[in-house]
Number of protein chains: 2
Amino acid sequence: MTFEPHPYSDSPGWVARVDLPEPGLQDNTADADRLVQSLTKTFDLETIDADLTLFRKLPLLLRENHYRVRCLVCRDKSRGVLIHVGPDDTNIVLAGLAIDLGTTRVVMRLVDLDSGRALAESAFDNPQIVIGPDILARIHHTDQPGGLAQLNALIIDGINRHMAELCQSCGLRPDQIHLIAVAGNTAMTHLFAGLPVHWMIREPYIPAVNRFGLIPAADLGMSAAALAQVLIFPNVGSYFGGDLIAGILYAGLHTRSETAILVDVGTNAEVVLGNKDWLMACAGAAGPALEGGMSRMGTTAAPGVVDRVRIDPASGKFDLHTIDDRPPVGICGSGVIDLAAQLFLAGMIDIRGKFHPPECKSRLNINNGMAQLTIVSGDQSGSGRDLCISQADMDSLVRSKAAMYTILETITGTMGMALSDLETFYVAGTFGSLIDPKSAITIGMIPDLPLERYHSLGNSSLGGATLALKSRNLPKEMESVRDRITYLELNVNQDFMNRFSAAKFIPHTDKARFPSVKA
Amino acid sequence: MTFEPHPYSDSPGWVARVDLPEPGLQDNTADADRLVQSLTKTFDLETIDADLTLFRKLPLLLRENHYRVRCLVCRDKSRGVLIHVGPDDTNIVLAGLAIDLGTTRVVMRLVDLDSGRALAESAFDNPQIVIGPDILARIHHTDQPGGLAQLNALIIDGINRHMAELCQSCGLRPDQIHLIAVAGNTAMTHLFAGLPVHWMIREPYIPAVNRFGLIPAADLGMSAAALAQVLIFPNVGSYFGGDLIAGILYAGLHTRSETAILVDVGTNAEVVLGNKDWLMACAGAAGPALEGGMSRMGTTAAPGVVDRVRIDPASGKFDLHTIDDRPPVGICGSGVIDLAAQLFLAGMIDIRGKFHPPECKSRLNINNGMAQLTIVSGDQSGSGRDLCISQADMDSLVRSKAAMYTILETITGTMGMALSDLETFYVAGTFGSLIDPKSAITIGMIPDLPLERYHSLGNSSLGGATLALKSRNLPKEMESVRDRITYLELNVNQDFMNRFSAAKFIPHTDKARFPSVKA
C-alpha cells in the first residue's frame with residue numbers, strides 16, 4: 001500500500017515575505033522591532049530572537065529593498081529565531097538539510113526551504129562504526145579519555161564532508177544551508193551534540209537532554225551558514241528517540257481518530273500504538289536482541305545481496321533475487337525473513353525453526369559442530385565461498401521474531417485491544433520497508449492481518465525531519481507528541497516470558513492465530 | 001533630600017539554589033529537562049534556554065553534587081537563559097557588572113550576584129571622545145569607511161580594559177563576570193552593539209533596535225565569562241534611551257500613585273512625567289541646545305574645577321570653591337549655573353543675561369569684539385591664564401535654561417498640570433546631582449518649588465543597571481515601562497516659541513512665577 005504523507009507538507013513553511021510599512025514621524029519604531037513585530041504575527045510567536053549580526057545589517061538592507069524582504073524563521077518549543085533576512089530573490093536558494101541520523105546509516109536530504117522542493121539526497125555509513133557497530137559499544141567507548149569527543153568528531157566531520165558534497169552536486173555552497181533538522185535515536189543525537197551518554201545505559205537510564213530546542217549549527221561544529229540553526233527531534237527517554245517522534249509525525253498517527261500501530265524495525269524494535277487521543281510506545285531493547293539476530297546477517301542492502309527468496313516446495317529448488325542482479329555475496333535482513341518463511345513452507349525447518357534433514361538433503365551439513373544450510377554454493381556465489389545460514393542464525397531469528405510478536409501483543413493487550421483490531425499497521429525504517437509482510441506473517445513475526453492493512457513508510461525518520469524543514473507547525477507538534485507519549489516499560493516478567501515462549505514457534509504455538517499460513 | 005531607592009532591591013535575584021529530586025525508574029526525566037523544569041517554576045518562565053556546553057557537563061555535575069546546584073539565570077522580555085550551573089559554593093563569586101554608558105563618562109559597578117553586594121566601582125572617559133566629544137560627531141564618523149567598527153572597538157576595548165582592572169582590584173577574574181547590564185542613550189548603546197546609527201539623526205529618526213533582549217557577551221566582543229549575557233536597557237526612540245528607562249526604574253516613578261517628574265540634565269535634557277498609571281516623556285534635543293551651552297564650559301568635574309560660586313552683592317567679591325580645593329582651572333556646568341545665579345543676584349547681569357558694566361566694573365573687558373567677564377585672574381588660576389565667561393557663553397546658558405523650563409512647562413501643561421503641582425522633582429545624572437537647585441531656580445531653569453521637593457538621584461542610570469543585576473522582576477518591568485511611555489514630540493511651534501521667549505529672561509518674564517527669587 002502506498003503511504004500518503006501527512007498533510008503537514010501543505011502547511012506554510014519557514015520562509016516568509018514581509019512588506020513592512022515605511023517608518024515615519026508618526027511611526028518611528030526601530031528597524032529590528034518593526035521587522036520582529038511583523039514576523040511574530042506571521043509566525044504566531046510571542047517574540048523572535050535574532051543574532052546581532054542580522055540586526056547590524058538590517059537598517060541598510062530594509063532601505064535598499066524598500067522594506068520588502070524575505071525572512072527565514074524557525075522556532076522550537078517556545079522561542080522563535082530569525083535565521084536570515086535578505087532581498088526577496090528566489091534565485092538565492094535558502095537550503096535546509098534533513099538528517100536521519102541512524103546508528104548504521106546516515107541519510108541526508110537537501111531541501112529548498114522556500115519552495116519545499118527536495119534538491120538532492122545522499123547516504124553514508126555512520127563513521128562511528130569504526131568505534132563499534134552497535135550503540136552499546138560506542139557508549140562504552142565514551143568512558144575512554146577523549147572517547148566522547150572522538151565519536152562526536154566522527155559524526156560531525158562525516159556530516160560536514162557529505163553535506164559539502166551534497167551541496168556541490170546541485171551547485172550550492174554549504175553556507176546556503178540555514179536550517180538543519182535531525183532525527184535519530186537518543187544515543188545518536190547525544191553523540192551528535194557531544195552530550196554524555198554514560199548514564200543512559202545505567203539504571204535508571206537517564207539521558208542528558210530530552211528537549212534540545214534550537215541549537216546554533218556553529219555550536220555543533222557544523223559548516224553551514226554562520227547563523228544556521230539545528231532542530232534536533234526530542235526524545236522520550238534513553239530507549240525512545242527522536243527518530244520515532246519523526247516517524248509518528250510523518251505517519252500522522254497522532255492526528256487520526258482510528259487507532260494505528262507504527263513499528264520501526266531498524267537496528268532496534270520500537271513500537272507506537274495510538275491515535276489523536278493517546279499514544280503508547282515501547283521499545284524492543286527490553287526484549288531479547290532482535291538487533292543482534294538481524295545484524296549478524298547484515299542489514300545493509302548492497303549489490304549482490306540476496307533480498308528475496310523463493311523455494312519450490314516440490315523440487316526444493318531455490319530461486320534467489322539479488323540487488324542489481326549481481327552474483328550473491330550475502331543476505332540482508334529482509335532476505336533472511338523471506339528465506340525462513342520459504343524454508344518453513346517447504347518443510348525444511350520445523351515449527352521450532354530447526355533444520356529438517358530429510359527435506360534439506362545435501363544442502364545441510366555440519367561445520368564446527370553446528371548445522372548449517374547452504375543457500376548458494378561457492379561456485380555460484382560472488383565471493384567464491386558458500387553462502388550459508390547456521391542453526392544458530394535461525395535460532396536467533398526465531399527469538400527475534402518472537403520478541404517482536406510479543407511486544408506487539410503486549411502493547412495492544414495493554415490498551416485492551418486484540419492484534420486483529422489493528423486496522424492500520426505502519427512499518428517504518430529502511431530495513432522494515434524491505435520486509436515482505438507475507439513472509440513476516442508466515443514466520444509469525446507480525447500478526448496475520450489482511451495484507452492491505454500493512455503500509456511501508458520507507459525512511460520515516462528522514463520523512464519527519466524533512467517535514468520539520470517545511471512546516472512551521474512541526475516544532476510545536478513534535479513537542480506535543482513527545483509529551484503525549486506514554487512509555488510502556490516492557491518488564492520481562494512471567495507473563496511476558498509466557499507470551500514470548502508461545503511465540504517462539506513458527507508461526508506460533510496457537511496456529512489459529514495465523515489462518516493464512518499453510519505449511 | 002536623600003533618595004530612597006526603589007524596593008526592587010529587596011526582590012529575589014538571578015541566583016537560585018535548586019535541590020532536584022533524584023531520578024529513578026519512575027521518574028526518568030533527562031538531566032537537562034529536570035533542571036530546566038525546576039528553574040522555570042522558580043523564575044516563572046515558560047522555558048529556559050541554555051548553551052550546549054552547560055548541558056554537556058550537567059550529568060556529571062548533578063551527580064557529583066547530589067542534585068543540589070547553584071544556578072544563574074537571566075531573562076529578557078520573554079526568554080530565560082541559564083548562564084551558569086555549578087556547585088553550591090559561595091566562595092566562588094558569581095559577579096555581575098552594571099555599566100552606565102555615558103557619552104562623556106562610563107561608570108561601572110561590580111556586583112556579587114548572589115549576595116547583591118557591590119564589590120567595586122570605577123569610571124573612565126568614554127574612549128570615543130577621540131573621535132568626537134558629542135554624539136553627533138560620532139554618528140557622522142560612522143559614515144566614514146570602518147568608522148562604526150572603530151567606534152565600537154573603542155568602547156568595547158575600553159570596557160574590557162577597565163573591567164579587567166576592576167576585577168583585579170577585588171581579586172576576581174573577568175571570566176567570573178556572568179551578567180552585564182548596560183544603560184545608555186540610544187546612540188551609545190548602538191555604538192556599543194556595533195549597530196548602525198546613520199538613520200538615527202535623519203528624519204524620521206529611526207534607531208536600528210529598540211529592544212535588544214539578552215545578547216551573549218562573546219558576540220559583543222566582551223572578555224567576560226564564556227557564557228555571560230548582556231542585558232541592554234531598551235530605548236523608546238532615537239532621542240529617548242535606555243539610560244532614562246533605567247532612571248525611571250531606579251526612581252520607581254512607574255510604581256507610585258502620585259505624579260512625579262524626573263529630569264536628566266546630562267549632555268542632553270530628558271524629562272519624564274508620570275506615575276503608576278501613565279508615563280509621558282520628552283527630550284531636549286528637540287529644543288535649542290542645552291547640551292551645547294553646557295558642554296562648551298565643560299561638564300566634567302575634575303580637580304581645580306569651580307563647582308560653587310558665591311558673590312557678595314555689596315563688595316562684588318567672588319568666593320569660589322574648586323574641587324579638591326586646587327587652584328581654579330575651569331568651571332563645570334553646575335558652577336556656571338551657580339555663577340549665573342550669583343551674577344544675577346549681584347546685579348552683574350540683567351534679566352536678559354547681559355553683563356551690566358556698572359556692576360561688573362574692571363572684571364568686564366572686550367576680547368575680539370566680545371564682552372567677557374573675568375572670574376579668576378591669571379595670577380590666581382591654576383593655568384596662569386584668566387578664567388573668563390563671555391557674553392556668548394551667557395547667552396547660550398540663557399537659551400539652555402529657557403529650553404529646560406519650556407520643556408518642563410510643556411510636558412506638565414500637556415497633562416493639564418501646573419508646574420507648582422509637582423510634588424516630587426527628581427534630578428538625575430551626575431551633572432544634575434551637582435546642580436544647586438536654589439541657583440537653578442534663581443536663573444529660572446527649574447520651577448520655584450519648595451526645595452524639599454527636589455531629590456537628587458545621583459547616577460540613576462548606573463543605579464537602574466545595578467537593579468537589573470539584582471532583581472529578577474526588572475527585565476519585565478523595563479519592557480513594560482518602555483511600552484507605557486508616551487513620547488511627546490516637542491514641536492517647536494509658535495506656542496512653544498512663545499513660551500521659550502518668555503523663559504529667556506532671568507528668572508522669567510512673569511516674575512510672579514518665581515516669588516523666592518529676589519534680585
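Residues numbered from 1 in each chain as written. Chains lettered and ligands numbered in written order. Predicted model: local features only at pLDDT ≥ 70, side-chain atom pairs only at ≥ 80, totals over all residues. Heavy atoms only, no water.

Residue and element names in this part refer to chain B. Overall, the coordinates contain ten aromatic pairs over all chains when judged by the stated rule. Judged by centre distance (6.4 Å) and plane angle (10°), the ring pair of Trp14 and Phe43 falls under stacked. Within this pair, whereas Trp14 is found in the segment before strand 1 (15-19), its partner Phe43 is found in helix 1 (residues 31-43), the two being separated by 29 residues in sequence. When its relative accessible area of 1% is taken as the criterion, Trp14 is described as buried. (Phe/Tyr/Trp six-rings, centres within 6.5 Å; stacked < 30°, edge-to-face > 60°. Helix = DSSP H or I, 4+ residues; strand = E, 2+ residues; numbered from the N terminus. Buried < 20%, exposed > 50% of the residue type's maximum accessible area, 1.4 Å probe, protein only.)

When the parts come together, some accessible area is lost, and that loss is often what is quoted as the size of the interface. Residue-level contacts link 40 residues of chain A with 40 residues of chain B. Together, the buried faces of chain A and chain B total about 3,600 Å²; carbon and sulfur atoms form 59% of this surface. The salt bridge partner of Asp33(A) is Arg211(B), with a shortest N-O separation of 3.5 Å. Remark: the boundary between chain A and chain B carries 15 residue pairs in polar contact (both at pLDDT 80 or more). Of all elements in the fold, only helix 1 (31-43) and helix 2 (52-64) of chain A reach the threshold of two or more residues within the side of chain A that touches chain B. Counting residues per element, the side of chain A that touches chain B draws most heavily on helix 2 of chain A, at six residues. (Contact = heavy atoms within 4.5 Å. Buried area = accessible area lost by both parts, 1.4 Å probe. Salt bridge = Lys/Arg side-chain N within 4 Å of Asp/Glu carboxyl O. Polar contact = N/O pair within 3.5 Å; in protein donor to acceptor, adjacent residues only side chain to side chain.)

Note that the residue after Glu203(B), namely Pro204(B), is joined by a cis bond; omega there is 0°. Backbone torsion omega between Ile506(B) and Pro507(B) reads -10°, so that peptide bond is classified as cis. Note that Pro507(B) resides in the segment after helix 15 (494-503). The phi dihedral of His66(A) is positive, around 50°, even though this residue is not glycine.

This brings us to the state of the cysteines. Residues and elements named next belong to chain A. The final tally for this structure, using the stated rule, is zero disulfides over all chains. Not engaged in a disulfide, the cysteine Cys388 finds its nearest cysteine sulfur in Cys360; these two sulfurs lie 12 Å apart. For Cys388, a relative accessible area of 27% puts it in the partly exposed group. (Disulfide = S-S within 2.5 Å.)

Below, the discussion takes up the packing of helix 6 (residues 242-251) of chain A against helix 14 (residues 474-484) of chain A. Residues and elements named next belong to chain A. Interaxial distance between helix 6 and helix 14 falls to 10 Å at its minimum, and their mutual angle equals 115°. Accordingly, the angle class assigned to the pair helix 6 and helix 14 is roughly perpendicular. Of the two possible hands of crossing, helix 6 and helix 14 adopt the one that is right-handed. From helix 6, Ile245, Ile248 and Leu249 reach across to helix 14, where they touch Leu474, Glu477, Met478, Val481 and Arg482. Tallied by class, the residues present in the contact of helix 6 with helix 14 amount to six nonpolar, no polar and two charged. (Axes fitted to C-alpha atoms, helices over the stretch in contact; angles between N-to-C directions. Parallel < 35°, antiparallel > 145°, perpendicular 65-115°, else oblique. Left-handed = near helix turned anticlockwise from the far one by under 90°. Nonpolar A, V, L, I, M, F, W, Y, C, P; charged D, E, K, R; others polar.)

Residue and element names in this part refer to chain B. Relative to the 18 Å expected for 13 residues at 1.5 Å per residue, helix 8 (residues 333-345) spans 18 Å between its end C-alpha atoms, a close match to the ideal helical length. Of all 13 residues in helix 8, twelve are buried; the element is thus mostly enclosed. Residues of helix 8 that are buried: Gly333, Ser334, Gly335, Val336, Ile337, Asp338, Leu339, Ala340, Ala341, Gln342, Leu343 and Phe344. Positive backbone phi, at 75°, marks Gly347, one or two positions downstream of helix 8. (Expected span 1.5 Å × (residues − 1).)

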